[in-house]
Amino acid sequence: MRPMKLSVILASLALLGPSVVSLSSSVATAEENPSITAANPAAPHAEETDAERDARLAWWREGKFGMFVHWGIYSTTGGLYKGQKLPNSAEWMMARGKIPIAEYSKYADQFNPTKFDADEFVARAKQAGMKYIVITAKHHDGFAMFGSKCNDYNVVDATPYGRDIMKELAEACQKQDIRFGFYYSQAQDWHHPGGFGNGWDKTIKRVSSDEYVMKKAVPEVKQLLTDYGPIGIFWWDTPRKMSKESFDALHSLTGIQKNVITNDRLGEGYIGDYKTFERHIPAQAPVGKDWEVCMPISGSWGYKIGDNDFKSTKTLIRNLIEIASMGGNYLLNVSPTGEGTLLPPAIERLKQVGQWMEVNGESIYGTVASPLETLDWGRCTRKEANGETTLYLHVYDWPADGKLLVPGVKNNVQSASLLDGGETLRTESTDAGIVVSLPAEATDEYASVVKLTVDGTLDVEVSLPTFNRKGSLVLTADKAYINNNEGSQDAALRAHDEIPHVGYWLDKEASVEWAFRTTEPGEYEVHAVLSVEAPQTKFVISAGDQSLTADVKSTGGYGKYQEKSLGRLKINEPGDHTLRVKPVADAWNPINLRQVELRRVKK
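Engineer: Looking at this structure, how should I read the overall build of the protein chain?
Structural biologist: What the protein chain contains, in helices and strands, is 10 helices and 30 strands. The C-alpha radius of gyration of the protein chain comes to 25 Å, within 12% of the 25 Å expected for a compact globule of 603 residues. For the C-alpha atoms alone, the extent of the protein chain along its principal axes is close to 75 × 60 × 50 Å. Burial analysis of the protein chain (603 residues in total) assigns 56% to the buried set. For the protein chain, restricting intrachain contacts to residue pairs at least 6 apart in sequence, the fraction spanning at least 24 positions comes to 72%. Summed over all atoms, the accessible surface of the protein chain reaches about 25900 Å², with 48% contributed by carbon and sulfur. Across the protein chain, the mean location of the 67 positive side-chain charges is 6 Å away from that of the 78 negative side-chain charges.

Engineer: What's the story with the packing of helix α5 (residues 118-127) against helix α6 (residues 165-175) in this structure? I'm lost.
Structural biologist: Helix-helix packing is characterised by the crossing angle of the two axes and by the distance between the axes. Interaxial distance between α5 and α6 falls to 9 Å at its minimum, and their mutual angle equals 50°. Classed by the angle they form, the pair α5 and α6 counts as oblique. When you trace α5 past α6, the crossing you get is right-handed. Only E168, L169, A172, C173 and K175 of α6 make contact with α5, whose side of the interface consists of A118, D119, F121 and V122. A class-by-class count of the residues in the contact of α5 with α6 yields 6 nonpolar, no polar and 3 charged.

Engineer: Mind showing me how you'd approach helix α2 (residues 50-63) here?
Structural biologist: One full turn of an α-helix is made of 3.6 residues, so residues set three or four places apart face in the same direction. Between its first and last C-alpha atoms α2 spans 20 Å; for 14 residues at 1.5 Å apiece the expected length is 20 Å, and the two agree. L57 marks where α2 bends most, by close to 50°. Of the residues trailing α2, K64 is marked for its positive phi of about 65°.

Engineer: Help me out: how do you make sense of the environment of N198 in this one?
Structural biologist: Mapping N198 onto the fold places it in the loop between β7 (179-184) and α7 (209-224). For the pair N198 and Y392, spaced 194 residues apart in sequence, the C-alpha separation works out to 49 Å. Each residue touching N198, except ones within four places of it in the same chain, is listed here: M94, I101, W190, I204 and R206. Only 3.1 Å separates the side chain of N198 from the backbone nitrogen of D201, close enough to count as a polar contact.

Engineer: Would you explain unusual backbone geometry in this entry?
Structural biologist: A positive phi is found at N386, a non-glycine position, where the angle reads about 55°. A positive phi is found at Y504, a non-glycine position, where the angle reads about 50°. Here Y504 is to be found in the loop between β23 (499-503) and β24 (511-518). With a relative accessible area of 46%, Y504 lands in the partly exposed category.

Engineer: Explain the pattern of salt bridges here, please?
Structural biologist: Side-chain pairs of opposite charge can arise whenever the charged atoms involved come near each other. A full pass over the atoms with the stated rule returns 30 salt bridges. One salt bridge connects D227 with K149, and the closest N-O pair in it is separated by 2.7 Å. Of this pair, D227 sits in the loop between α7 and β8 (233-236) while K149 sits in the loop between β6 (132-138) and α6, and the two are 78 residues apart along the sequence. Residue K451 is joined to E362 by a salt bridge in which the shortest nitrogen-to-oxygen separation is 2.8 Å. You can see K451 sitting in strand β19 (residues 448-455) and its partner E362 sitting in the loop between α10 (344-360) and β13 (378-385), a full 89 residues away along the chain. The partly exposed category is assigned to K451, whose relative accessible area is 24%. Judged by its relative accessible area of 31%, E362 falls in the partly exposed class. One connected set of salt bridges, linked through shared partners, spans E48, R53, D54, R56, R61, D273 and D290.

Engineer: How should the confidence of the model for the protein chain be read in this particular structure?
Structural biologist: Low-pLDDT stretches of the model should not have their predicted coordinates read in fine detail. On average, residues of the protein chain score 91 in pLDDT, and 91% of them are at 70 or above. Confidence drops under a pLDDT of 50 for residues 1-41, and excluding neighbours within four residues, the segment shows 78 contacts in the predicted structure.

Engineer: Could you clarify how one ought to interpret the sheet that holds strand β27 (residues 546-553) in this entry?
Structural biologist: Across a sheet, paired strands are connected by hydrogen bonds in the backbone, their directions being either parallel or antiparallel. The strand order β21-β24-β29-β26-β27 describes an open sheet built from 5 strands, whose pairing is antiparallel. Unpaired on one side and paired on the other, β21 (481-483) and β27 mark the two borders of the sheet. Put simply, the sheet's adjacent strands are angled 25° from each other on average, direction ignored. Pairing analysis gives 7 bridges linking β24 to strand β29 (residues 575-583), with the strands arranged antiparallel. Within β29, the residue paired with A515 across the bridge is T578.

Engineer: What exactly am I supposed to notice about the packing of aromatic side chains here?
Structural biologist: For any pair of aromatic rings, the description consists of the separation of the ring centres together with the inter-plane angle of the planes. Enumeration over the complete set of coordinates arrives at 26 aromatic pairs. Pairing F68 with Y183 gives two aromatic rings, centres 6.2 Å apart and planes at 50°, and the pair type is tilted. Here F68, found in strand β3 (residues 65-69), pairs with Y183, found in strand β7; they are 115 residues apart in sequence, far enough to count as distant. On the basis of an interplanar angle of 50° and a centroid distance of 4.8 Å, the ring pair of F68 and W235 is categorised as tilted. Of this pair, F68 sits in strand β3 while W235 sits in strand β8, placing them 167 residues apart in sequence. Of the two residues, F68 and W235, neither departs from the other in class, the shared state being buried. Three or more aromatic residues joined by ring pairs make a cluster, and in this case those are F68, Y183, W235 and W301. Taking NZ or CZ as reference, R594 lies 3.6 Å from the ring centre of Y561, over its face.

So, how was this worked out
Residues numbered from 1 in each chain as written. Predicted model: local features only at pLDDT ≥ 70, side-chain atom pairs only at ≥ 80, totals over all residues. Heavy atoms only, no water. Helix = DSSP H or I, 4+ residues; strand = E, 2+ residues; numbered from the N terminus. Rg over C-alpha atoms; globule rule 2.2 N^0.38 Å. Buried < 20%, exposed > 50% of the residue type's maximum accessible area, 1.4 Å probe, protein only. Contact = heavy atoms within 4.5 Å. Areas by Shrake-Rupley, 256 points an atom, 1.4 Å probe, with all protein chains shown as cover. Lys, Arg positive; Asp, Glu negative; His and termini not counted. Charge placed at Lys NZ, Arg CZ, Asp CG, Glu CD. Axes fitted to C-alpha atoms, helices over the stretch in contact; angles between N-to-C directions. Parallel < 35°, antiparallel > 145°, perpendicular 65-115°, else oblique. Left-handed = near helix turned anticlockwise from the far one by under 90°. Nonpolar A, V, L, I, M, F, W, Y, C, P; charged D, E, K, R; others polar. Expected span 1.5 Å × (residues − 1). Bend = angle between axes of the 7 residues up to and from the residue. Polar contact = N/O pair within 3.5 Å; in protein donor to acceptor, adjacent residues only side chain to side chain. Salt bridge = Lys/Arg side-chain N within 4 Å of Asp/Glu carboxyl O. pLDDT = per-residue confidence, 0-100. Pairing = 2+ DSSP bridges. Phe/Tyr/Trp six-rings, centres within 6.5 Å; stacked < 30°, edge-to-face > 60°. Lys NZ or Arg CZ within 6 Å of the ring centre and 35° of its normal.

This is the structure:
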């Protein structure tokens, strides 16, 4: 079918009625609450100034730490299908098990989380030191965890539980001063005949993706943004190639609440407010962008029987520190069971993280990236105010001689102390930097924090890969960020002959990218060292608004690497850029990619 006309989409939007935000405990119209406005069909925040954007994102940048929640009817079986554990996370069981819609829908009959208590659930997040919650209102299976008005395949109408979980959580978050947000799978919907992703159920009578968007996604997103009070975050997931009319119809809805923050996963060209990294902390933070890392507390996003791969408290705390030291946010996922409770290891770890945050939260909340190079003893975060800089030194490895070197800092010291206990510490300025004298033993088993305040600001240049004197830039696999939107390992860092490569690249939706810097515009020859087993493959290499399509023939096997000339790419402006490699979906065969090189074309 052909895409729907824009006029039809706008007419459909009009039929959805005026925007009203309400909760059983609090009803507000746009006039009563200035944070809620009618949707702008063009582009929310298009006319926003830098100061207005900073004000809108201020709470998120301050908060640093949030709870992600994957919960759905798949939780009733813990990912088991006919007694078998399926690969990948539990919320993917319908796809991994190729379960027909008619069969999978019956899990709704079993969903009755009678032990769920919204107030207790939110309190656990707050106790852990988290400042916001994002929960799966609808995942790829198409089941709505709220009382959808356009679709009876939802928690109120299709389950014995019969209660609107999202409304209960929204109310609990308001009472406990926690920001509330929704995850919504806008493209993949394995239940609707127009949704992407279900290629196994042959009973589906297909309709266009535009029809799915207008009849299900748009009404549901509008409802989520009007019926559940102030929404802090709207978290899109797994973009697919929809029509521009569908993208715009969804994108425009976020204007219903002018203060809502969105991530970068709506679709190509819809960058949102921040960049999302999944499961892994990037080797290098994106320059000039807000960003977060989302990561499950165990192995699976959704509750999965037998998943005992819980991260240690030490790992969780140090992940939070690592991400904050690079200027990002940490969105840590938990997985409620079919009964509506968390497993004991998750509860225990959240409590322990919260105990650390109660003492050391000052070193995380409201901080920005460290101005220092990599530190061999730990990590650093920073705050600047009133002409002074405070460095929070997170010490992992306590120095045996009691001397902690803060390298390269020449500023005059105002004060130094331990956050735990407040003990004042002696400092000495040396040619190598500031030396802080520490007590004999660490104050914390996970990370002891020293608060060091100095005069003035610390201005340290961010280091990005750049071109050498010959005009060449080599970007290697071990420095790449791998975008696996589904959280799978279907594109991962591997090695042949001890040389790293991005391999096992089975997912045609996965992509690889590098940040780099150039001081001048120009045209560049693109070369890659790779291997291909299939007869040929296609992928797109892009930087900014420029791209080229590479059509590469077999190298004779995955272990046989060749350097291939892929074409030319223009970079129109100097500055910081991102080079991206992404499969051409209908012509993709897996590759092993060792490196990409840009060579400046001489004029």
